[in-house]
Amino acid sequence: MNSEIKNICVFCGSGLGTDTRFLELTAELGKFLALNNYKLVYGGANVGLMGILADNALENGGEVLGIMPKHLVEKEVAHKNLSEFILVNDMMERKQIMIEKSDAFITLPGGYGTFDELFEVLSLNQLGIIQKPCAILNIHGYYDNLLQQLEICVGDKLLRQEHAGMLISENNIPSLFEKIHSYSPEKIDKWWIKKS
């Protein structure tokens, strides 16, 4: 187990979705983080899955850092009861600080913003700029099609299998954390694929 993983960044939606399992496992993850002494790093919102995640971490004695740009704070979606809150200028700065302050990343169901954050971390790992575990909690197969698309990319030689393998995916929390703690990044000198 990698004992240096203490700060977990979670990317997820500002909406609730239609599947109650999204809510249930998001709440369970917040509680799990708190009870296992992980610090939650997230986008700072009080709405949607983001709000459920933070509330459940806080209710169970967890430490929660929220990071949010000014334009979203002005829309009154900032969580008011966090352990720590960082106000930033824009979305790019938000991502940068989230990545700097986190030891590992978990993605829950979400939309464009969630996908953007996930692929930013994967790209940085692919390029060797960071070497931090990046995982999906694949609730009720939400990310099945995305995982299939990555295999299509590999088959079409637009993505290396080693890079596709950098993304951890599990549908339950204990197994996900086992894989996060046992993650060992492969050293790959090149990210492009030569024409065969």
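Residues numbered from 1 in each chain as written. Predicted model: local features only at pLDDT ≥ 70, side-chain atom pairs only at ≥ 80, totals over all residues. Heavy atoms only, no water.

Asks: Looking at this structure, how should I read the sheet that holds strand β5 (residues 104-107)?
Replies: What holds strands together in a sheet is hydrogen bonding between their backbones, with the strands either parallel or antiparallel. Pairing is parallel across the open sheet formed by seven strands, whose spatial order is β4-β3-β2-β1-β5-β6-β7. At either end of the open sheet lies a strand with only one pairing partner, and these are β4 (84-88) and β7 (167-170). The mean inter-strand angle of the sheet, taken between neighbouring strand axes irrespective of direction, is 25 degrees. Judged from the four bridges that link them, strand β1 (residues 7-11) and β5 form a sheet pairing that is parallel. Residue Phe 11 lies in a different strand from β5, and its bridge partner there is Thr 107. (Pairing = 2+ DSSP bridges. Helix = DSSP H or I, 4+ residues; strand = E, 2+ residues; numbered from the N terminus. Axes fitted to C-alpha atoms, helices over the stretch in contact; angles between N-to-C directions.)

Asks: Before we go on, may I ask you to explain the packing of helix α4 (residues 91-100) against helix α5 (residues 112-126) in this structure?
Replies: Pairs of packed helices are described in terms of their axes, by the angle between the two and the distance that separates them. In contact at an axis separation of 11 Å, α4 and α5 are set at 55 degrees when each is read in the N-to-C sense. Overall, the two elements α4 and α5 adopt an arrangement that is oblique. You can see that α4 and α5 cross each other, and the crossing is right-handed. Seen from α4, the contacting residues are Arg 94, Lys 95, Met 98 and Ile 99; seen from α5, they are Asp 116, Glu 117, Glu 120, Val 121 and Leu 124. Here the contact of α4 with α5 is composed, by residue class, of four nonpolar, no polar and five charged. (Parallel < 35°, antiparallel > 145°, perpendicular 65-115°, else oblique. Left-handed = near helix turned anticlockwise from the far one by under 90°. Contact = heavy atoms within 4.5 Å. Nonpolar A, V, L, I, M, F, W, Y, C, P; charged D, E, K, R; others polar.)

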